[in-house]
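# Residue-level structural notes
Here are the chains, one letter per residue:
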Amino acid sequence: MPPNLKKMEDGIRHIARRAVDRMCAGGGNCDFVKDVALGYPLHVVMEILGVPEEDEARMLMLTQQLFGAQDPDTARARNAMTTEQTSNLMQGVVADFNAYFRDISAQRRTTPREDLATVIANAQIDGRPISDIEAMGYYIIVAAAGHDTTSSSTAGAIWALAERPEELAKIKADPSLVPGLVDEAIRWTTPVKHFMRTATADTEVGGRPIAKGDWLMLCYASGNRDESVFEDPFVFRADRKPNRHLSFGYGAHLCLGQHLAKMEMRILFEELLPRLKMLALDGEPKMSQSTFVNGPKALPVRFELA
Ligand code: HEM
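Summarised in this report is the structure supplied together with it. (Residues numbered from 1 in each chain as written. Predicted model: local features only at pLDDT ≥ 70, side-chain atom pairs only at ≥ 80, totals over all residues. Heavy atoms only, no water.)

The next point concerns the site of the ligand. Taken together, 22 residues surround the ligand, and among them G146, T149, R197, H253 and C255 come closest. Taking Y250, its main chain carries an N or O atom lying 3.3 Å from an oxygen atom of the ligand. Side-chain polar atom of H253 to an oxygen atom of the ligand: 2.6 Å apart, as the coordinates give it. Contributions of two or more residues to the shell around the ligand are made by helix 8 (132-163), strand 4 (194-198) and helix 12 (258-272). No other element matches the six residues that helix 8 contributes to the shell around the ligand. Classifying every residue of the shell around the ligand gives 13 nonpolar, eight polar and one charged. (Near = heavy atom within 4 Å. Polar contact = N/O pair within 3.5 Å; in protein donor to acceptor, adjacent residues only side chain to side chain. Helix = DSSP H or I, 4+ residues; strand = E, 2+ residues; numbered from the N terminus. Nonpolar A, V, L, I, M, F, W, Y, C, P; charged D, E, K, R; others polar.)

Attention shifts here to the packing of helix 2 (residues 9-25) against helix 4 (residues 39-49). Where helix 2 meets helix 4, the closest approach of the two axes is 10 Å, and the angle between their N-to-C directions is 150°. One finds that helix 2 runs roughly antiparallel with respect to helix 4. Here the hand of the crossing between helix 2 and helix 4 comes out right-handed. On helix 4, the residues that touch I12, I15, A16, R18 and A19 of helix 2 are Y40, H43, V44 and E47. (Axes fitted to C-alpha atoms, helices over the stretch in contact; angles between N-to-C directions. Parallel < 35°, antiparallel > 145°, perpendicular 65-115°, else oblique. Left-handed = near helix turned anticlockwise from the far one by under 90°. Contact = heavy atoms within 4.5 Å.)

Okay, structure coming up:
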């Protein structure tokens, strides 16, 4: 939540500045996904969670295998698979995450620290200790969704700006537009494409009858391009107002990490954009292949420093 995050702002800015320094020192071009967008939110969330830096590469690999189970570059199996095979592979990845966090959980119960793993391991729900399955759910969502989505949205912003010099110039001239850029990038990229819900009662949505027990697909990617809500939904506008996107979901399960994600992105853009004089694509960007969570997996850019 924002009051706690405020205390982390300096630490996160330090990590962002290091990422930007590395990008700028690397010359006038880079693959923004591999060189900046993947490592920065990963490092931030692993520090918060309490995962040691030497295990970050393993967390990234498991995350990519989980969300990229349909992508030939990241999947554990390289050939086209049936839905059942994909699902079995994903269960294998979840089992690896579980094995890792079972050890962390046990350590944090005996030796608590100042980290999120300690909070999860020792949590009480309605007076009873959190169950293993609940704890594992939180560990995995933070260790996977807690960085991949933010990386994708960050890269989505840089992709959009590299194709729109006028939009970049607007933000450089008026840095108060950065929070709007963050929201527009999260709408534009919509890293989580959908979630499912089961109707708990008979109802109606948009004139269509829904029966209790029906499955509904909440298609955030489509909602975020809804022309009855967004003016020119297919146009990227850093100054879009209002921007009532649904990228963080809606209702009881609304994303718990939304303030952290937005803060990380804001800080990175505050550090990076003033240092750029020019930004352009330097080859063809590529999206990861997935029907669930995805984003840019390669973003070659060239840039000139101010
Ligand atoms: C741009 C970045 C992010 C996007 C687009 C995103 C998206 C989402 C979505 C769509 C949901 C499900 C909402 C629903 O079912 O209604 C969700 C849930 C969640 N997210 Fe995020 N997320 C992001 C960043 C993060 C970060 C950085 C963290 C943690 C550090 C995080 C932690 C969680 C958790 C714990 C939940 C589960 C909440 C619950 O079930 O009560 N997310 N997120």
